[in-house]
Amino acid sequence: MDITIANTFLPHDDPDTALAFYRDVLGFEVRNDVGYGDMRWITVGPAGQPGTSIVLYPPAADPGVTDDEKRTITEMMAKGTYATLVLATPDLDATFDTLQAAGAEVVQEPTDQPYGIRDAAFRDPAGNQLRFNQVG
């Protein structure tokens, strides 16, 4: 089989703040920005990797989600336990310094894990956990 990741979805609670973080801090390209009523879906992705995209979406947009479920999602996002994305970088220390200087909330400083990965973690403005693995 030949399988690749095309899109993944992360919730946002403020489209402008999410856009500023993913575009201006992480340097991702904006590939699409679609509004419907007072909601926005913003597609971003790493430069030079047009086949991989992250869709930042309003978590309450699904009409099948109940009010109780929306409250639970909001609470989990606030705690940073709702969604996680793992990214890779050849220079973890520089990435860490850039994100920390931009005011991103640090979850874990660069650490050599016992299972062989060196990584660090942040939370994006909506509370999603972003882990960065050292590669290369």
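Bear in mind that the values here come from a model prediction, so they are computed numbers and not experimental data.

Quick notes on the rules
- Per chain, residues are indexed from 1 in the order of the written sequence.
- In keeping with the model being predicted, local features are shown solely for residues with a pLDDT of at least 70 and side-chain atom pairs are shown and tallied solely at 80 or more, while totals for entire chains, interfaces and linings include all residues.
- Calculated side-chain values reflect all of the structure's heavy atoms, with hydrogen atoms and water omitted.
- Any two of the Phe, Tyr and Trp rings considered here, Trp counted by its six-membered ring, make a pair once their centres fall within 6.5 Å; the pair's planes then place it as stacked at under 30 degrees, edge-to-face at over 60, or tilted in between.
- Secondary structure elements follow DSSP: runs of H or I no shorter than four residues count as helices, runs of E no shorter than two count as strands, and numbering proceeds from the N terminus.
- Exposure classes here rest on a 1.4 Å probe applied to the protein chains alone. A residue is buried below 20% of its type maximum, exposed above 50%, and partly exposed in between.
- Residues scored as positive are Lys and Arg, those scored as negative are Asp and Glu, and His as well as the terminal groups of each chain are ignored.
- Any Lys or Arg side-chain nitrogen found within 4 Å of a carboxyl oxygen on Asp or Glu counts as a salt bridge.
- In protein, a polar contact requires one atom able to donate a hydrogen and another able to accept it; more generally it is a pair of N or O atoms within 3.5 Å, and residues adjacent in sequence count only if both atoms are side-chain atoms.
- Pairs of residues are marked as contacts when any of their non-hydrogen atoms sit within 4.5 Å.
- Throughout this description, the term nonpolar core refers to a set of buried Ala, Val, Leu, Ile, Met, Phe, Trp, Tyr and Cys residues connected via side-chain atoms within 4.5 Å.
- Only strands joined by at least two bridges in the DSSP assignment are considered to pair.
- Between N-to-C directions, angles cover 0 to 180 degrees, with each direction set by a line fitted to C-alpha atoms, over the stretch in contact for helices.

1. Description of the packing of aromatic side chains
How two aromatic rings sit relative to each other is set out by the distance from centre to centre and by the angle between their planes.
Right, on to step 1. Tallied over the full model, the rule gives five aromatic pairs.
Right, on to step 2. Ring geometry for phenylalanine 96 versus phenylalanine 122: centroids 5.2 Å apart, planes at 45°, classification tilted. With a gap of 26 residues between them, phenylalanine 96 in helix H3 (residues 92-101) and phenylalanine 122 in strand S7 (residues 118-123) connect regions that are remote in the sequence.
Right, on to step 3. Residue classification places phenylalanine 122 among the buried positions, given a relative accessible area of 1%.
Right, on to step 4. Members of the aromatic cluster, joined through ring pairs, are Phe21, Tyr22 and Phe28.

2. Describing the side chain of aspartate 124
Right, on to step 1. As for its position among the elements, aspartate 124 is in the loop between S7 and strand S8 (129-134).
Right, on to step 2. Here aspartate 124 occupies a buried position and makes no salt bridge, while the nearest side chain of opposite charge, arginine 123, is found at 6.7 Å.
Right, on to step 3. Within the structure, the side chain of aspartate 124 is placed 2.9 Å from the backbone nitrogen of alanine 126, a separation counted as a polar contact.
Right, on to step 4. If we ignore the near neighbours within four places in the chain, the residues touching aspartate 124 are Phe21, Tyr22 and Leu130.

3. Here we look at the nonpolar core
Right, on to step 1. Counting 22 residues, the largest nonpolar core has Leu10, Tyr22, Leu26, Leu56, Leu130 and Phe132 as the members making the most contacts within it.
Right, on to step 2. Listing elements by their share of this core, those giving two or more residues are helix H1 (15-25), strand S3 (39-45), strand S4 (53-57), strand S5 (84-89), H3, S7 and S8.
Right, on to step 3. Leave out the neighbours within four places in its chain, and leucine 56 touches Leu10, His12, Ala18, Tyr22, Arg40, Trp41, Ile42 and Val44.

4. What about the sheet that holds S4?
Right, on to step 1. Spatially, the four strands line up as an open sheet ordered S1-S4-S3-S2, and their pairing is mixed. Each of the sheet's edge strands pairs with one partner strand only, and the pair in question is strand S1 (7-11) and strand S2 (29-36). Strand-to-strand twist of the sheet, defined as the mean angle between neighbouring strand axes without regard to direction, takes the value 20°.
Right, on to step 2. In this sheet, S4 lies alongside S1 in parallel orientation, the contact comprising five bridges. Residue pairing for S4: leucine 10 is matched across the bridge by leucine 56.

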